[in-house]
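One letter stands for each residue in the lines below.
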Amino acid sequence: MAKAKSAFVCTECGAEYRKWQGQCTSCQEWNTLSEVRLAAARPGAGSTGAGGGRSGYAGALTREVVDLANVDLTEVPRLSSTFGEFDRVLGGGLVPGSAVLLGGHPGAGKSTLLLQTACKLAQSRRVLYVTGEESLSQVAMRAHRLQLPVQGLKMLAETSVETVLAVAERERPEILVIDSIQTMHLEDIASAPGGVAQVRESAAALTRFAKQSNTVLLLVGHVTKDGTLAGPKVLEHMIDASLLLEGGADSRFRTLRGQKNRFGAVNELGVFAMLEHGLKEVKNPSAIFLSRAEEQSPGSLVMVVWEGTRPILVEVQALLDDSALGNPRRVAVGLDPNRLAMLLAVLHRHGGLFTGDQDVFLNVVGGVKVLETSADLAVLLAVVSSLQSRPLPRELVVFGEVGLSGEIRPVPSGQERIVEAAKHGFTRAIVPRGNAPKSSPPGMEVVAVDKLADALEAL
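Residues numbered from 1 in each chain as written. Predicted model: local features only at pLDDT ≥ 70, side-chain atom pairs only at ≥ 80, totals over all residues. Heavy atoms only, no water.

## A word on the overall build of the protein
Which entries qualify depends on this criterion: Labels follow the DSSP assignment, with helices taken as runs of H or I lasting at least four residues and strands as runs of E lasting at least two, numbered in each case from the N terminus. Residue exposure (1.4 Å probe, protein chains only): buried if accessible area is under 20% of the type maximum, exposed if over 50%, otherwise partly exposed. Any two residues having at least one pair of non-hydrogen atoms within 4.5 Å are treated as being in contact. His is not counted, nor are the chain ends, whereas Lys and Arg count as positive and Asp and Glu as negative. Charge placement uses NZ in Lys and CZ in Arg. For Asp and Glu, CG and CD serve respectively.
Counting secondary structure elements, the protein contains 11 helices and 21 strands. In terms of its C-alpha atoms, the protein occupies a principal-axis envelope of roughly 80 × 55 × 50 Å. Expressed as a percentage of the 459 residues in the protein, the buried residues total 49%. If you take every contact in the protein between residues at least 6 apart in sequence, the share linking residues at least 24 apart comes to 66%. A gap of 4 Å separates the mean positions of the 47 positive and 49 negative side-chain charges of the protein.

## Details of helix H8 (residues 337-351)
Cut-off, in case you're wondering: Here the expected length of a helix is defined as 1.5 Å per residue gap, with one fewer gap than residues. To obtain the arc, one takes the directions from the helix axis to the C-beta atoms. Here a polar contact is recorded for every N or O atom pair within 3.5 Å, except that within protein the pair must consist of a potential hydrogen donor and a potential acceptor, and residues adjacent in sequence are included only if both atoms are side-chain atoms.
In this model H8 runs 20 Å from its N-terminal to its C-terminal C-alpha over 15 residues, within 8% of the 21 Å that 1.5 Å per residue would give. Every buried residue belonging to H8 is among Leu340, Leu343, Leu344, Val346 and Leu347, and all of these are buried. All buried residues of H8 fall inside an arc of 160° around its axis, so they share one side. Exposed and oriented more than 90 degrees from the buried face of H8 are Asn338 and Arg349. In this fold, the buried residues of H8 make contact with strand E15 (330-333), strand E16 (358-364), helix H9 (376-387), strand E18 (401-402) and helix H11 (452-458). A side-chain oxygen of the first residue of H8 lies 3.2 Å from the backbone nitrogen of Asn338; this N-cap is Asp336.

## Notes on the sheet that holds strand E8 (residues 216-221)
What counts here: At least two DSSP bridges between two strands are required for those strands to pair. Orientation is described by axes fitted as lines to C-alpha atoms, over the contacting stretch for helices, and by angles from 0 to 180 degrees between their N-to-C directions.
With mixed pairing, 9 strands are arranged side by side in an open sheet as E6-E5-E7-E8-E4-E9-E10-E11-E12. Here the strands that pair on one side only, and so sit at the sheet edges, are strand E6 (154-157) and strand E12 (278-281). Averaged over all pairs of adjacent strands, the angle between strand axes in this sheet comes to 25°, irrespective of strand direction. The pairing of strand E4 (residues 99-104) with strand E9 (residues 241-246) spans 5 bridges and is parallel. Residue Leu102 lies in a different strand from E9, and its bridge partner there is Leu243. Packing of helix H3 (residues 136-145) onto the sheet brings it into contact with strand E5 (127-131) and E6, and relative to E6 it is tilted by some 140°.

## A word on unusual backbone geometry
Geometrically, the link from Asp179 to Ser180 is a cis peptide bond, its omega value of 5° lying close to zero. One can find Ser180 in the loop between strand E7 (175-179) and helix H5 (196-213). The phi angle at Asn31 is positive, at roughly 55°, despite the residue not being glycine. Checked against the element boundaries, Asn31 lands in the loop between strand E2 (16-17) and strand E3 (33-38).

## Let's talk about the pattern of salt bridges
Opposite charge on two side chains permits them to pair, given that their charged atoms come into close proximity. Condition: Salt bridge, as applied in this entry: a Lys or Arg side-chain nitrogen positioned within 4 Å of an Asp or Glu carboxyl oxygen.
In total, this model carries 19 salt bridges according to the counting rule given. The salt bridge involving Arg172 is made with Glu169; its shortest N-O contact spans 3.0 Å. By relative accessible area, Arg172 is classed as partly exposed at 42%. Each member of the salt-bridge network shares a partner with another, and the members are Glu16, Arg200 and Glu201.

## Some details on the sheet that holds E16
Taken in spatial order, the 7 strands of this open sheet run E15-E16-E14-E13-E17-E20-E21, and their pairing is mixed. Single-partner strands in this sheet number two, and they are E15 and strand E21 (445-449). The average angle at which neighbouring strand axes cross in this sheet is 25°, direction not considered. Here strand E17 (residues 396-398) runs beside strand E20 (residues 428-432); their pairing, made up of 3 bridges, is parallel. By the bridge assignment for E20, Leu396 is matched with Arg428.

## Points about the packing of helix H4 (residues 161-171) against H5
Using the following cut-off: The cut-offs work like this: below 35 degrees is roughly parallel, past 145 is roughly antiparallel, 65 to 115 is roughly perpendicular, and the gaps in between are oblique. Charged residues are taken to be Asp, Glu, Lys and Arg, nonpolar residues to be Ala, Val, Leu, Ile, Met, Phe, Trp, Tyr, Cys and Pro, and polar residues to be all remaining types, Gly included.
Where H4 meets H5, the axes come as close as 10 Å, and the angle between the chain directions of the two elements is 10°. Classified by the angle their axes make, H4 and H5 are roughly parallel. On the side of H4, the interface is formed by Val161, Val164, Leu165, Ala168 and Glu169, while H5 contributes Ser202, Ala205, Leu206 and Phe209. Tallied by class, the residues present in the contact of H4 with H5 amount to 7 nonpolar, 1 polar and 1 charged.

As structure tokens, then:
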């Protein structure tokens, strides 16, 4: 019997090595190489069929060289997912021939969102839903519980990629849903489903079929404990859009964020509410994130963050308390803890307020993760409010980036942020000098500041 060949594959970038080594020289990560068994090449491998070979990976095989100026720029019509928030994150809808990967923690609602989308689309289009984790009766029970229209949706319970591609060739669906990519396997790959080689090759075969047949491919992906997509990093390079559905088990709201999108803006945010009959889109997220108490308390402040192509108003809360520890705690939920430590140092150096003996706790209400620097000024003013036990006005809104020298730097789309705050009834805004508008919205007082000291005086 011939000895089985094996290789060592990096779980981060997908690089292959003939023997094990501690560090991947491609992505410089340590202890990421895992052994996978390699199958012998099949006779005739290299064909352009949906399930065989690697040639023509991104579509039909062609050896003709085309001048870029002669490429057809006719816009491909998008398909609506029937969810406005889903379409927003996708950049306007589903693009035929694209591969979309939807990830999230268990219980976030990945399968629910795709089942709702598939059932609604099946009323007017050909949809094939492939389930590898649940039986057909389980999916039918969930659809019945969510009161979804089930007529017209084609279902298949299968984990073999070869079988899925054969059925897809026969049914010719416009939308193909795979739940999930970690359960799929190819017969030629000897490793178990969910392994590095299986996930990579299964995704490559399914993506190749989608490109060649102009089918919308929707993949469900698992995540690791730290929230990143499970499987090789090369999986995220194969697909066209990578979306992450977030939301704690104790929250009824879910946020859908675009991490990669070849057909639209990244970091776009869609908000859903988990109700009895499934996910329902929230068309005005600022309204749910601003459900504030009647009595204003110290440490609470509203800021305007920019998510993708729209501004969203969220509340940041700060709590400072005397620390009984030699090393006071710095806890930030929804914000970068490292940036919080830097901002506290700026506050001490340029604002004259010492917090080295205080435990500092920060929280962004609603479970939103703020990734941009426009929240710096609002965070510092909320910290000052809690430190001095002085409530801030309810009609005040703040945004701006804080530099290490205490300067307040402008942020993108400042005018749109101010207009959004005025729509929700805010009458005063503290903004960077570079974002000050020539004419303020009616009823809005805009205070432009250059330094952190100016912002503290404006309070």
